[in-house]
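Chain and residue survey
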Amino acid sequence: MKTMGVSLPPPMSSPTLIGRADHRATLKLLVERVQQGMGQLVLVSGEAGVGKSRLVAEAKSYAAERGFLLLQGHCFPTDLTYSYAPLLDLLRTLLASNLASPLAAKITAVARDLFPLLPELIPEEEPPLPLLEPEQENRRLFTVLTKFLLECSRDAPIMLIIEDVHWSDDTSLDLLHHLARHSTSHPLLLLVTYRLDEMQPALRSWLAQLDRERLAHEIRLQPLSHDELGTMLLAIFDEQHTEFGMRRFLHGELLNALFTLTEGNPFFVEETLSSLVAAGDIVYVHGYWTRHLRSEIAIPRSVQDAVEQRTARLSEAARHVLSLAAVAGRHFDYVLLQRLTGYDEQQFLLLMKELVAAQLVVEASVDEFSFRHALTRQAIYTQLLLRERRSLHQTIAEMIERQSAGTRDVHLEDLAYHFYQARAWQLAADYAQRAGAKALQLYTPRAAIEYFTSAIEATAHLGQVPVPTMFHTRGLAYEMLGEFEQARRDYTQALDTAHTTNDHMTEWQSTINLGCLWAGHDYTQAETWFRQALALAQALNEPVLHAHSLNRIGNWHMNVDQSHEALRFHQEALDLFEQLHDARGLAETLDLLGMVSYLGGDLHQGTAYYHQAIARFWELGDKPGLTSSLATLTLRGATYQTDSLVSVASLAEVCQDAEHALRIAREIGHRSAEAYALLQLGLCLGSQGDYGRALAAAQQSLDIAQEIEHRQWQTAAHTVLGGMLQGLLTYEQARDHCVQALALAHESGSLFWTCIATGYLASVTLRMHDLAQAEQLLHAVLSPNTPAETMAQRMAWCASVELALAQGHPARALAIIDQLMAAQFQDTQEQHSLRVLKLRGDALVMAQRPVEAESAYGSAQALAMAQGVRPIQWRISIALGHLYQGQRRTTEAEQAFATARTVIEELAASIADEPLRDNFLHLAMARLPQRPSWSPIRRAKNAFGGLTAREREVASLIAQGKSNQAIANVLVVTKRTVETHISNVMFKLGCTSRTQIAVWAVEMGLASTSEPEPYP
């Protein structure tokens, strides 16, 4: 509904349950066990608002789908002294909802036995049963209620839910215990929730008894992680109805602020978002979410009310300590607070116990306490007057200074925060700048931004101009987070201020940083800044600055696909750094030389450079350098990007490097590095056929690259997704990604990515039978004089081979292949790349040279298996199958097709997306010849790797652990005959040991426990 241009916003609640995958799986398993007649008691615990009821709702839905009868009762704060409260709530709810239901009739039938629980159901003419002694009466009622529920479970399995038993009376807890003990062999699932932060003595005792008797499974819910909270925000603010600027806000500023304030508690998140919407900070206009000017996040009324109720019960002294603690921060030092209050140890300890009992603070360690929740602290803090806050901040800051005279660096963050809040500007500026530098060293860029911003604002309050390094270092933090515009603005401000104040070092550094920043967006802009930095370094006559500038110019040449020029600049920089004994400069230069070698087509030399660079980055503790080098080291394997080159490592090896790079990138919070590591991981996983994980990694890389507006990584992610989808035979989607990649490459001015994207797009268009479009694309990047040296050039030339084959020109295809082979580096002349070998086989088949074609395919298949490149294996097997068919080598053809079929099915199993999986299976299987109508004997032989019936018997007996002589005795043949059978089995299955045969037999279901009867 819309009114005057403003739409009514959707509710601030997640439409799906976020996270909790393991817990959901556990509950599903327990539901299935209950269906089999095994009763279960499940405890779901956690703090208020953590999502217990939401998880229970998921379990209810699953149980309902499986025909369970759902019964639910609740406990309320007033029920602590009300016997049988949750069971009465359950029974009366059932009766009120449907008086005519069979279950209501069953309740009414036992009403007399349940007296005095449901007196309203007993007819006036029927006198109730006489009451027994309280303990006997309870036992009687326990028996009646348990019998009633277990009888109901005979008609359908029951899920009995009791929520919030932390408010339950003792009798109800005893009843639940009795029911759990007597339902272990009945289809009844008892699901109980309680809050960990509101445990009563009776509940603790009850839980301990359940533990002793091993009666319960406990699911303890934790708050959502940072990433899970990000997923929750995306679910609440449907991305299709969210403006781009709002999406950046969701992923960055809002996500971090909410995680800090709510600590991942889903209820608090939803309440806080509702407050932002109510305050107009987030608005829903014309069906789209957008944001207005940022203001301080208001504390939700529900939280404020809960805190006020708890503080109202405190003594005056305890409230004072609580206020002081709220100013001190989320976590506060016990000794510091005691000294500030002036209480002795015994007095202060009693006051802290009062705050703990009120569930406002918790003891974190001997010397530190913390507020139970960040929102609790914020609610108390906002109740103080501004003048009161400032005074207390000043007092706390001065006390910390006195206490930490020799350890100020340990307390920089606290000193910066308190002096800033106290408006002590000079001290705030000094401490905030030092705290920001410390945060940057610890790879916490968001904290660094906050401290540098405080330092800049404090300096402005003093009427001074901030030093350029403040802007420069804050720009570094923004760049780590991928916030391009903020980083560009800070670098520009640093450059201008440095130029005005003659701070030449910061002027040069800001110029270099602007060039690096633009390299992810526009190489024309990047070149301008790099040339300017080189000129400035030469004017300053600073060799270190000169060498760094040379490296940046070299990297620019590489990205415009001028590898020889790039190599010249990097080698000159390396010589300078060696003369200067500059360890960091050497590490960075070796990394760049490795990149030039890789993209220039020399994977051997590039790998040698990267191993040296990685060793030096480890020594230096340089995590950004390390994650970049590890991610790029993956290019030594046979990935989509390098399949036209001679690879030097298996995909299993390079996947480990990509995962390591990703862990480091996430550890240091470097968004651009994370996008790059995810990209390389997607490349490796997709190249080895792990499509489900590969597509997820590449898509996540694209999402991050779009979020931080990194054009180069967007280009790369689109090409990788295009390559994977082409491999999955989903050509239209693949073409869309490749078209976007090519457009972005043109926008950024990167000739390297233009050529790469063109190669991908041309291959896809050929598979869509658009030969004219493919020819036009390749003509734009290739001429007869274009060499076949760099990775990008070879990618385009391989697509040209495919074009020649599609046009029916095998001679031209073979000429290009010869050119590709001749262009290989000297130390790889005896080896050939996987893609080139496969294409050579295709061209030789078309040229009617089958013997040479078989040799090329065989070499390609062996290489694919050695390197773990499974997606190409089924294609080679099909090509070999058709080649064998043409030569009437029927058995070999059938085995090749069977291999292809197996690989296709294995690859499909990794695809999570069902339509994508089905499409791949359908189209890939369609390339295989239709299976012949074989006899039962022939089908069995084909199904078991070509083994005859006798050979399968031998394999089965090997799996049973029998020796050759024992097998001979069972089959009534000679031992030599058995040895011949085993030799044939090993050959057909490709096994090298009896153990491998045994494993195969077990997997194929041939290893029966009963022995075959000896032949008469």
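For the structure itself, look to the data block above.
Calculation criteria
- Residues numbered from 1 in each chain as written.
- Predicted model: local features only at pLDDT ≥ 70, side-chain atom pairs only at ≥ 80, totals over all residues.
- Heavy atoms only, no water.
- Helix = DSSP H or I, 4+ residues; strand = E, 2+ residues; numbered from the N terminus.
- Buried < 20%, exposed > 50% of the residue type's maximum accessible area, 1.4 Å probe, protein only.
- Contact = heavy atoms within 4.5 Å.
- Salt bridge = Lys/Arg side-chain N within 4 Å of Asp/Glu carboxyl O.
- Pairing = 2+ DSSP bridges.
- Right-handed = clockwise from strand over helix to strand, strands pointing away.
- Axes fitted to C-alpha atoms, helices over the stretch in contact; angles between N-to-C directions.

Our next topic: the side chain of serine 153. On the secondary structure map, serine 153 appears in the loop between α6 (134-152) and β5 (158-163). For serine 153, a relative accessible area of 4% gives the class buried. Those residues within four positions of serine 153 in sequence are excluded, and the remaining contacts are Ile158, His186 and Pro187.

With the rule as written, the count across this model stands at 31 salt bridges. Arginine 220 is the salt-bridge partner of glutamate 218, the closest N and O atoms lying 3.5 Å from each other. For glutamate 218, a relative accessible area of 36% puts it in the partly exposed group. Across the pair arginine 835 and glutamate 802 runs a salt bridge, and its minimum N-O distance is 3.1 Å.

What follows covers unusual backbone geometry. Leave glycine aside and you will find that most residues have negative phi; peptide bonds, for their part, are mostly trans. Positive phi, close to 60 degrees, is recorded for arginine 20, a residue that is not glycine. Mapped onto the fold, arginine 20 is located in the loop between β2 (6-7) and α1 (21-35). According to the relative accessible area criterion, arginine 20 is buried, its value standing at 10%. With phi around 60 degrees, glutamine 848 is a residue other than glycine that occupies positive phi space.

Here we come to the pairing of β5. Within β5, 6 of the 6 residues are buried, which leaves the element mostly enclosed by the surrounding structure. The two faces of β5 match: Ile158, Leu160 and Ile162 on one face and Met159, Ile161 and Glu163 on the other face are all buried. Pairing of strand β4 (residues 69-74) with β5 involves 6 bridges; the strand directions are parallel. Within the sheet, the bridge partner assigned to leucine 69 lies in β5 and is isoleucine 158. When β5 meets strand β6 (residues 188-195), the two strands line up parallel, connected through 5 bridges. Bridging across to β6, isoleucine 162 finds its partner in valine 192. For the segment spanning β5, helix α7 (residues 170-182) and β6, crossover handedness is right-handed.

Here we have 5 strands laid out as an open sheet, ordered β4-β5-β6-β3-β7, and parallel in their pairing. Whereas interior strands pair on both sides, the edge strands pair on one side only; in this sheet they are β4 and β7 (216-220). Averaged over all pairs of adjacent strands, the angle between their axes in this sheet comes to 15 degrees, without regard to strand direction. Taken strand by strand, helix α8 (residues 201-213) contacts β3 (40-46), β6 and β7, and its axis lies near 135 degrees from that of β3.

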